[in-house]
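The primary structure of each chain is shown beneath.
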Amino acid sequence: IILAFVLERAGGELPAMEVPLVGSDVIQWIQVKVLSKFVPGTPCCPPPRDCSGTASIGNSLFLWRLHAASPAVLELLQLSSENEMQRSGLKLLVEEPLSPFAAIFLREVDQQKGVLCLCVITISGVVYSISVKPFHYYQNGSILEQVDIAQFSLLDDIAHLNHITAFASGGAYLCVGGQNGSIICYPLGHPEDIVQGLSFELRDGDARFGRLWSLITRGSKVAGEIKCLTLQLCQDKTVLFVLHNDGSFKLWDLANRRHLFSCNLSGTTGSFAKMMRINEFDENTGIVQIASVFCGILDNSREMIQIHDFHIPQGDGGIFRSSLTLQRTLPCEEGTVVDVKLFAESYWVLQDLGTGLFALIYGNIKGDEVPQHCALLEIEVADQLLQGPDYDWDDLILMWQTMFPDVKDIRTPSLSEIFFSRLFQPGVLQQNLLRELLATRNRQIVEYTFSALTKDGLQKEILAAIDAENIGDNGFRLLSGWKTLYQDYFASWTKSNVPYGLLLDSSSGTVGLIRRNSISVLRFIGGIEQLHDGRTIYIQSKIDTIPSGRQGSCHEISTLGALHRCMERISKHLGKMALAVFRHTLLGPKHIPLSHLTSIFLHLLDVGYDVTSLSHGISHMGVDSARQRGRDLRLRQRKFQLHMLCALQDLRDAGSGWEKVVEAVGKYVECFIYDMKDTNPRMTTKDWVHGNINRRLIAKTTCQVSCSQFEAARDLLLVLGYIVNVKGQVGIGPNEISKIQLQLIPKVQELLMFNLSLYWLTITFVELPPTEDFSSRLSSLNIDGNSSKKACNGRIGLGELTLCEILLSSYLSTSAEWQTPNSGNVLSTETLLRSAMKFIHWLFLGDKSHPLPFFSKRVVSLSIILLQHGQYGALEEFLSIIQDFAAQQKLTYTAHNVDEWSAHMQLLGFCLLAQAHTSLRGSFKEEQVAEAIRYFFRAASSFGEPNDVLSAIFLETGLRILLPNDVTPATAAAAAWKLHYFEWVMQIFEQYRLSDGACQFAHAALEQVDEAVGALREARVEQSNADSLASTIKGRLWANVFKFYLELKLYREAYCAIISNPDSESKYICLRRFIVVLCERRATGVLCSIELPYTGMLDRVELELAWKAQYADIASNPNPYKILYSFHMYRHNWRSAAYCMYRYSVRMKEEGISRAHLQLTFTLQERVNGLVAAINALRLVSPSYAWIDMHSQNSLTKPCQAPTKRSRVHAEDDGAIVLYRSESKIKQVVDLHELEKEYTLTLAQLQLAQANAMHPLLGGSLPPSDVLALLAESGVYEMAFSVVFLFWKNSSLKRELEKVFRIMAEKCCIQQIQAGSLAVNQDSLEPSKKFLMESFSEAIALIGSPASGVDSSTFDHSSGRNNWRMLQIYLEKYTRVHSGLPTVVAETMLSIDRLMVLPVWLVNMFKGGRHATAHGMAGQGADPAALLRLYLDFGHFTEATFLLLEYINAWANLSPVDVIKRKRVCAIWFPYTLVDRLKCHLSKLKNINQYERLQSLLNSALQKHFNQINTDSNDIASLVQRSSA
């Protein structure tokens, strides 16, 4: 009901409409606290209420707002078009509520630039004069500095004023009016002057002139309370205009403090004044216009506005000759006046109609014209949110089922898209309201999270809130949820956007509204919108401007009036809900061609809705309601058909036949076109547009104009289609039908699609940029200096910036018409429409006017602008809309149309490609790339000669020219043009790192080279130059193909691209790159295998690998030497493979530690591996050729010219320890034996390194003898013996073996000594720990322990036992090579510790077993005699005695079978010299108890031995004698 009343009040002619500018939800508020030095007292000023005000200072417009809900907070905003729109506002937090008054002015300080000053008053009478700095100086939550505040209290004057009722402030004074009619003025010139002592009071009848003035003035009663005060500068005098409650009007000169004029403005008895508004003083006319509002005492609901002209004559004393003239009286039939503004002989009145309704009235001051109601935002928002009596939601269900009969369930995303598209529009969407509305539906979202939501995320939240309240699968519940959501949102919108007052900038003529949470500007309604409203006067004026002498007449005016009534009848019958679906269906994701959609609506006009479809809604509306609804629809359809036929008959009669009607309709259509081509004939001055504020105003105005134009074209299209359908019933002839179908309808469709596309651009928000990566951050630096591409900077997101503003920014930056500096003001109410029409003209026709078709030529240019700003998704949707319309046109396309179609295909492909680049989903990304490839190839299928449309796209991407453009044959130009195109697309795919698509277009470009170059040859180009050009182009393209295949890891295809390249230089560059990339990717199996034959390039590949190995870092991974080794091995080049690995080993030896700083173990291991590989390779060669020629192999790696990669130079630190210095040159010939020696020596060093051996030259050129010593000392015995047998022979071999065993024996003894063991009795040890000679155990038990010594068997030390065990094993093994090794070992042991008891196993090696033999003590090498000598040399007399006794007893105790053996000559030998030494030593021993017995045993044994020898000798002698005898 409320909305119907608003629409009724706005009926008729609308002179102006509201344009939203900015909302509070996009402003970043800075809260600053203002501290007071006064204690809040009793209220003495007017209480706080919702109010606002403006002040025009310089080129900026300052606005302030005070809310009754938060009376202690004052909001301050600044609007200026000089710079970008201020996105920050100031909130001043005062300690007590403020009175509804604020003044903003400039105050001069020390005759310098003025300081912005804000004056506010609290309800307790405290005045704050605040110096306001630029907003960016303040921090949120800070406290205002005291130096910027001047404050004083009015408490002392309150008693005199009785009660404060009005305020006025300017640059010099603060005037306060009281209830008793008194006025007190306070100076505000300087902060130090704001003291109570300098105030003064304005009084009547002062001195002599007071009594005279009292006789002249009207009336004699004392004026009532002050109702309104206004300061104005008139003729260089500061004049105070005063309006008392009883209507008394007075003027005061504040400088001279005298009364100037007085009268009574009240025209009726019993009325009282409410407010007064005064415009600026006009210096030319000397007139100040005054608007006063009066209320009736008896009827408070009736208010009256009086407008007077206050004339002040020029000259001295002119102000005393002032006169007041009533110009107009405006009775307010309903509501109360909120605010009044006067400007340029016109008035604007804001009325509160009650119950949340407001009206804005506009009219001329002079004249008797009826005031007109302006269209406020409530009407537009209600229309967008489908609110009002004309929107029947049941029609939406019927319409949806009529358009999509196959969809049984209306719960489809496409249906919700209707509501989303209408909600997410500039001026409608307010994020704070939507967030609060979702919170009431249990969708609590914090402000920060809500602001970060994308459009898709916000849609999900809204759908979740609707589904939560409407549980079930019934689609009607979804509509009910949306209906409730729309109603609640509209109620919240109207409540949060209550108008506070009017905005007026007298310097620019801007009029607007200050609302609770938004600011808007008013604009006049233009001719195009008047056409849709059916204003015949404007129609006549536009028809008269059509050229070719086709002026209109009254006859045509009546015809167009009848046509307009037909359009109204059709739109009323269909209903606003169905028409809303018409617009959305053309823009939504489920596009329906315009012709098909028109046919659906014409079918509805012909037969109406299908009543059977109401069966789906029986559960929603009930059976009876559904039946009644069906009957009403049938009745309404019959009435419409009857009335429509009558209207068409009236149309025919008005035009005197259908021929005249068609001609008049044609002129009506041309009115649209010529209105855009000639925006306004009265425009004599340029309207300068600068700043984001004006851009936003123009964009929103464009949205409103395009919407009105679209609706007019839509209604006209339906009328024309209906006339064609009912042609027989209205008597229209076939000629007229043909004109309508072939001429009028295509033009109307073109205009409809243009306005629809323009409307879509104005309501579609820009895409949020993706997550910043390195590329986006790098591009934001503008390194190339090209920063003009982005016309709109700053924070962009949902609800702020539209695509239209991007196009507008581009237009303003390129058009010469807007380059003159402006005054910085916001566009005025009058010039706003003209600026929007210029912009529409540019969108429709460009910089120059073109013949039809119009907009199709502009699509490419506009698309390029959107493309530059990264609006890929929006551009794709925009082009899809245009393509859907172009596809349905039944016209013969010219060559130019084909070029435009090709350009559209290119742009669509580019959009898909850019979206795929930022897409994270794998399958979806692949689909987008595949679709983009198809679009690009489709665009190439219709290429002809070069043209401006396609060149514009190429130039924006910086395409490099490949072939000359001045080729005479058309075939050459076409082929060259395609070559340009394919390479351009290839570069785009390459830029987005999509190598698959880039490779396809590179192949496509290759197919065009021969044709293009062949045409050049026919065009008298020299044969050699043409061939060279073809080779160069093909070489470049094949190089690109190779690159793309390499990126795709298709190595076989990359190899084929190399061999297909006709340019030798490019081929070898690609080959080198092929080798490098395969090495880096470790795809050496592909590189080295024989699957790639390298036909004709095998030597080149080998040379490239050799160069890479020679000049690469030795520590590189994978190593080039190994790759080259594998390459040769695959091709059975054994000697070359051996050379590679040997060379690798040599370089690792030279550079591994000193230059590459590798670990010693790793270096040695690599050397070993390299030598093993070289040995294995040489063993595959015939033995007669198993050697490496270093000289011939080195010559292969010496390039003819310097390599592209220089060898590295390593700097060594001064304090570094030099581990290696090359002292020997590389040998020229290396055979297999030398490789084996080097391998063994290197392996030995590796084992030393693994054993943590330390030597300065370890890893370098260490001699074999040193290596052998280190091996023995480190315990690497097996390797040591390998080195010995490889490097030495004969006596040298035995000498080195002795060294090794001597070291081994020393280690065993030293470890035994370091253990600190003490000798113990063998009987006290466990059997497992006995390690001494078992043959001596009984003797030791009889004669006691021998001399104290170190015995290795007395300790359980695992490492010591292992050493002893290894010594025993290796000694037993290598005694066969050198029989004297046991003697060396025993001598080494005893030389270290003379008291050491030799191990049992070592003694047994001397004895040849565990027991003594009967052959005496003779032997080879280590025999018992040698052991006896060692015992004697090192003082082991006991062991020597028992050893000798053992052998003597063994000789004496032979079995009877072996007695014959003693009888032979030289059958036995004993070292008698050593025996004599033993007896001598025993005789000298001092231990009588022990050694006397040993000596006696030895003597008795020797005596027996000698007797036995004598007997055996005698037996032999007798035997000889017998034999001789």
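Use the structure listed above.
About the cut-offs
- Residues numbered from 1 in each chain as written.
- Predicted model: local features only at pLDDT ≥ 70, side-chain atom pairs only at ≥ 80, totals over all residues.
- Heavy atoms only, no water.
- Helix = DSSP H or I, 4+ residues; strand = E, 2+ residues; numbered from the N terminus.
- Contact = heavy atoms within 4.5 Å.
- Areas by Shrake-Rupley, 256 points an atom, 1.4 Å probe, with all protein chains shown as cover.
- Pairing = 2+ DSSP bridges.
- Axes fitted to C-alpha atoms, helices over the stretch in contact; angles between N-to-C directions.
- Parallel < 35°, antiparallel > 145°, perpendicular 65-115°, else oblique.
- Left-handed = near helix turned anticlockwise from the far one by under 90°.
- Nonpolar A, V, L, I, M, F, W, Y, C, P; charged D, E, K, R; others polar.
- Core = buried A, V, L, I, M, F, W, Y, C linked by side-chain atoms within 4.5 Å.
- Buried < 20%, exposed > 50% of the residue type's maximum accessible area, 1.4 Å probe, protein only.
- Patch = residues over 30% accessible without salt bridge, like charges linked within 9 Å, V, L, I, M, F, W, Y side chains within 5 Å.
- Salt bridge = Lys/Arg side-chain N within 4 Å of Asp/Glu carboxyl O.
- Lys, Arg positive; Asp, Glu negative; His and termini not counted.
- Charge placed at Lys NZ, Arg CZ, Asp CG, Glu CD.
- Phe/Tyr/Trp six-rings, centres within 6.5 Å; stacked < 30°, edge-to-face > 60°.
- Lys NZ or Arg CZ within 6 Å of the ring centre and 35° of its normal.
- Expected span 1.5 Å × (residues − 1).

Caption draft 1: Quick peek at the overall build of the chain. Scanning the chain from terminus to terminus reveals 53 helices and 32 strands. Contacts in the chain between residues at least 24 apart in sequence constitute 68% of all its contacts with a sequence separation of at least 6. Total accessible area computed for the chain in this model is approximately 69600 Å², and 52% of it derives from carbon and sulfur atoms.

Caption draft 2: Expanded view of the sheet that holds strand E28 (residues 499-505). A sheet is described by the order of its strands in space; here four strands give the open sequence E1-E30-E29-E28, paired in antiparallel fashion. Of all the strands in the sheet, just strand E1 (16-23) and E28 have a single pairing partner and so form its edges. Across this sheet, the average inter-strand angle for adjacent strands is 30°, counted without regard to direction. Pairing between strand E29 (residues 510-515) and strand E30 (residues 518-524): three bridges, direction antiparallel. Counterpart to Leu 513 in the pairing with E30 is Ser 520. Sitting on the sheet, helix H4 (residues 377-384) touches E1, E28, E29 and E30, and the angle it makes with E1 is about 80°.

Caption draft 3: Representation of the packing of helix H42 (residues 1264-1274) against helix H43 (residues 1277-1287) within the structure. Relative orientation of the contacting elements H42 and H43 amounts to 155°, with a least axis distance of 8 Å. Taken as axis vectors, H42 and H43 run roughly antiparallel relative to one another. Handedness of the H42/H43 crossing: left-handed. Only Tyr 1277, Met 1279, Ala 1280, Val 1283, Val 1284 and Phe 1287 of H43 make contact with H42, whose side of the interface consists of Pro 1264, Leu 1268, Leu 1271 and Ala 1272. Its residues assigned to classes, the contact of H42 with H43 shows 10 nonpolar, no polar and no charged.

Caption draft 4: Layout of the nonpolar core. Within the largest apolar cluster, 261 residues are counted, with the highest numbers of intra-cluster contacts made by Ile 462 and Phe 1074. By residue number, the principal contributor to this core is helix H19 (residues 691-725), which donates 18 residues. When near neighbours in sequence (up to four residues on either side) are disregarded, Ile 462 contacts Phe 420, Leu 423, Phe 424, Leu 434, Leu 438, Trp 482 and Leu 485. Grouped together as the second largest cluster of nonpolar side chains are 79 residues, Trp 1288, Val 1403, Met 1417 and Phe 1442 included.

Caption draft 5: A look at a positive patch on the surface. Together, Arg 627, Arg 631, Arg 634 and Arg 638 make up a positively charged patch on the protein surface. The class for Arg 627 is exposed, based on a relative accessible area of 55%.

Caption draft 6: Examining the packing of aromatic side chains more closely. All told, the structure shown has 50 aromatic pairs when counted by the stated rule. Ring centres of Trp 348 and Tyr 362 lie 4.4 Å apart, and the angle between their planes is 45°; this geometry places the pair in the tilted category. In this pair, Trp 348 sits in strand E25 (residues 346-354) while Tyr 362 sits in strand E26 (residues 357-364), placing the two residues 14 residues apart along the sequence. On the accessibility criterion, Tyr 362 (14% relative accessible area) is buried. Summarising the aromatic geometry, the rings of Phe 1287 and Trp 1288 are spaced 6.3 Å apart at their centres and angled 55° between planes, so their arrangement reads as tilted. Residue class for Phe 1287 comes out partly exposed when judged on its relative accessible area of 22%. An aromatic cluster is present here, built from Phe 936, Phe 937, Tyr 981, Phe 982, Trp 984, Phe 989 and Phe 1001 joined pairwise through their rings. Of note, Arg 1135 hangs over the ring of Trp 1187, and the distance from its end group to the ring centre comes to 4.1 Å.

Caption draft 7: Summary view of the sheet that holds strand E21 (residues 287-296). If you trace the four strands from one edge of the open sheet to the other, you get E20-E21-E22-E23, paired in antiparallel fashion. Two strands close off the open sheet at either side, each with one partner strand: strand E20 (271-278) and strand E23 (323-332). Across the sheet, the mean angle from the axis of one strand to that of its neighbour is 25°, orientation sign disregarded. As defined by bridge partners, strand E22 (residues 303-311) adjoins E23 across nine bridges and the pair is classed as antiparallel. Looking across to E23, one finds that Gln 306 is bridged to Thr 329.

Caption draft 8: Representation of the pairing of strand E11 (residues 149-153) within the structure. Among the five residues that make up E11, five are buried, leaving the element largely enclosed by the rest of the structure. Where burial is concerned, the two faces of E11 agree: the one with Ile 149, Gln 151 and Ser 153 and the one with Ala 150 and Phe 152 are both buried. In this structure, strand E9 (residues 126-131) lies alongside E11, joined through five bridges in antiparallel fashion. By the bridge assignment, Val 126 is partnered in E11 with Ser 153.

Caption draft 9: Fine view of the packing of helix H14 (residues 576-587) against helix H21 (residues 734-763). At their nearest, the axes of H14 and H21 sit 11 Å apart, and the two run at 80° to each other. In this view, H14 runs roughly perpendicular relative to H21, as classed from their interaxial angle. Counted together, Arg 583, Leu 586 and Leu 587 of H14 and Leu 752, Leu 756, Tyr 759 and Trp 760 of H21 form the full contact between these two elements. Looking at the contact of H14 with H21, its residues break down into six nonpolar, no polar and one charged.

Caption draft 10: Quick peek at helix H15 (residues 594-607). Between its terminal C-alpha atoms H15 stretches 20 Å, which fits the 20 Å expected from 14 residues at 1.5 Å a residue. Immediately beyond the C-terminal end of H15, within one or two residues, lies Gly 608, with a positive phi of roughly 85°.

Caption draft 11: Geometry of the pattern of salt bridges. Using the criterion set out here, one finds 33 salt bridges in the structure. Between Lys 91 and Glu 75 there is a salt bridge, and its shortest N-O distance comes to 3.9 Å. Linking Lys 91 in strand E6 (residues 88-93) with Glu 75 in strand E5 (residues 73-80), this pair joins segments that are 16 residues apart in sequence. Glu 75 carries the same exposure label as Lys 91, and that label is buried. Residues Glu 1446 and Lys 1407 are paired through a salt bridge, measuring 3.2 Å at the closest nitrogen-oxygen approach. Note that Glu 1446 is positioned in helix H50 (residues 1437-1452) and Lys 1407 in helix H48 (residues 1400-1407), a separation of 39 residues in sequence. With relative accessibility at 18%, the residue Glu 1446 sits in the buried group.

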